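# Notes for the structure review
The residues making up each chain are set out below.
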Amino acid sequence: MKCRIMKEKMMMGYLEDRAEKENFLEIEHHLKECSDCRIFEDELNRNTVTPFGSLDPIQPPKELWGKVQSEIRELNQKRSLPQEGLIERIRTSISIRRLSYGIPALVAALLLLTVFPRTPVNVNVQTEQYIAEALGVTNGTGDFESLNFDTEVEFFFM
Amino acid sequence: MEDIKETTVRDAANGDERAFQEIYLHFSTFVFSISVRMMRNHTDAEEVTQEVFVQVYKSLKKFRFQSSLKTWVYRITVNTVINYCKKYNKERSRTEGYDETMNVQGVAPEMEQKSYKEEQEFKVKKILELLSSDQRAIVILREIEGMDYREIAETLDINLNTVRSRLKRAREKMMQYVKKGVI
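As a starting point, this report considers the structure included with it. (Residues numbered from 1 in each chain as written. Chains lettered and ligands numbered in written order. Predicted model: local features only at pLDDT ≥ 70, side-chain atom pairs only at ≥ 80, totals over all residues. Heavy atoms only, no water.)

### Quick look at the nonpolar core
In terms of nonpolar packing, the biggest core is built from 59 residues, with B:Phe20, B:Phe27, B:Leu60 and B:Leu69 touching the most fellow members. Per element, the largest residue contribution to this core is 10 residues, and it comes from helix H4 (residues 69-96) of chain B. Both domains that furnish three or more residues to this core are identified here as domain 1 (1-92) and domain 2 (101-183) of chain B. Setting aside its immediate chain neighbours within four residues, B:Leu69 contacts B:Asp3, B:Ile4, B:Val9, B:Phe27, B:Leu60 and B:Phe63. Counting residues in each nonpolar core, the second largest holds 14 residues, with A:Tyr14, A:Ile27, A:Cys37 and A:Phe40 among its members. (Core = buried A, V, L, I, M, F, W, Y, C linked by side-chain atoms within 4.5 Å. Buried < 20%, exposed > 50% of the residue type's maximum accessible area, 1.4 Å probe, protein only. Helix = DSSP H or I, 4+ residues; strand = E, 2+ residues; numbered from the N terminus. Domains from an automatic or database assignment. Contact = heavy atoms within 4.5 Å.)

See below:
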């Protein structure tokens, strides 16, 4: 049972990752005691790690830059057209990094658009009384001066 | 690999060709190496590399310096190559009826005339062909590019446990093929 777990951990790369100290030390300790797992470790290295170790990076052909260059020149030309430039700017400014962020944002926007226009405006009872008084609905005077507006703004919105 | 200066990135994003060439020279070997190892031939790898750099150029304005440019370029590279591979494999299986085991066994005698280095390259190519594109990407980043698990997770935009489980599946597959004598 323990050997199976150790082999799985080795395949998951814990033996090569010293940052995961606990797992690393556990496997290392087990390998000291278990010859079967040592054989497995050797096979694992020989077949899945060592073949990749001696490879050199592969240089791209020199003419490849020329191809990239002509494509980016074409792009620059398109960007200089006012219509294309504007479309790209809009696309850049509203770009969503991931679909998983985009979907909740879209749902929230739709919800706001559906719910918000239908929500009744809740006017406070006191405010209603105040307006009614101001308009003279209750006392019948309609005298705005008697309401003592303190500011121009207050008067304007009244 | 050192990262590129911020001013160079900004200049390239604003259309400075020389600045973009600097970015190209900095990353082209990595992009091309990954493409060659993920694809089956150099022609496709060239096409993918070109596509990666056009994509990088187009998206530079969106780069916010929240991650390193290196990780960002690596992510574009791996995503582009994986997408290309998936598209390519779909077309290939439709047109050729590809049998990976037959293919590996059929070309094995060629190895006899090759040097050790070529032999290793050949072996790696065959191993990688047996893996899915997601597994192949993990193995290349880990074993050839020498990235640690956190860098791989960041590059592929997946969590650390996914990196480990994909690596495990890739290694299991490789071990199975060894037992069957395919590799």
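### Topic: the packing of helix H1 (residues 6-13) of chain B against helix H2 (residues 17-38) of chain B
All names here are of chain B. Running from N to C, H1 and H2 cross one another at 120 degrees; their axes reach a closest spacing of 7 Å. Comparing their axes, H2 and H1 come out oblique. Crossing of H1 over H2 shows left-handed handedness. Residue-level inspection shows Thr8, Val9, Asp11 and Ala12 of H1 in contact with H2, the latter providing Ala19, Phe20, Glu22 and Ile23. Looking at the contact of H1 with H2, its residues break down into 5 nonpolar, 1 polar and 2 charged. (Axes fitted to C-alpha atoms, helices over the stretch in contact; angles between N-to-C directions. Parallel < 35°, antiparallel > 145°, perpendicular 65-115°, else oblique. Left-handed = near helix turned anticlockwise from the far one by under 90°. Nonpolar A, V, L, I, M, F, W, Y, C, P; charged D, E, K, R; others polar.)

### Quick look at a nonpolar patch on the surface
Taken together, the side chains of A:Leu106, A:Leu110 and A:Leu113 make up a nonpolar region of the molecular surface, amounting to roughly 340 Å² of accessible area. Along the chain, the position of A:Leu113 falls in helix H7 (residues 99-115). (Patch = residues over 30% accessible without salt bridge, like charges linked within 9 Å, V, L, I, M, F, W, Y side chains within 5 Å. Areas by Shrake-Rupley, 256 points an atom, 1.4 Å probe, with all protein chains shown as cover. Salt bridge = Lys/Arg side-chain N within 4 Å of Asp/Glu carboxyl O.)

### A few points about a negative patch on the surface
Residues A:Glu71, A:Glu74, B:Glu47 and B:Glu51 make up a contiguous surface patch of negative charge. Mapped onto the negative patch, the elements with two or more residues apiece are helix H5 (64-80) of chain A together with helix H3 (42-59) of chain B. You can see B:Glu51 is positioned in helix H3. (Lys, Arg positive; Asp, Glu negative; His and termini not counted. Charge placed at Lys NZ, Arg CZ, Asp CG, Glu CD.)

### Some thoughts on the packing of aromatic side chains
One pass over the full model with this rule turns up 9 aromatic pairs over all chains. Pairwise contacts between aromatic rings join A:Trp65, B:Phe20, B:Tyr24, B:Phe53 and B:Tyr57 into one cluster. One residue, B:Lys87, lies across the ring of B:Tyr84, its end atom 5.8 Å from the ring centre. Above the plane of the ring of B:Phe122 lies B:Lys126, whose end atom (NZ or CZ) is 5.8 Å from the centre. (Phe/Tyr/Trp six-rings, centres within 6.5 Å; stacked < 30°, edge-to-face > 60°. Lys NZ or Arg CZ within 6 Å of the ring centre and 35° of its normal.)

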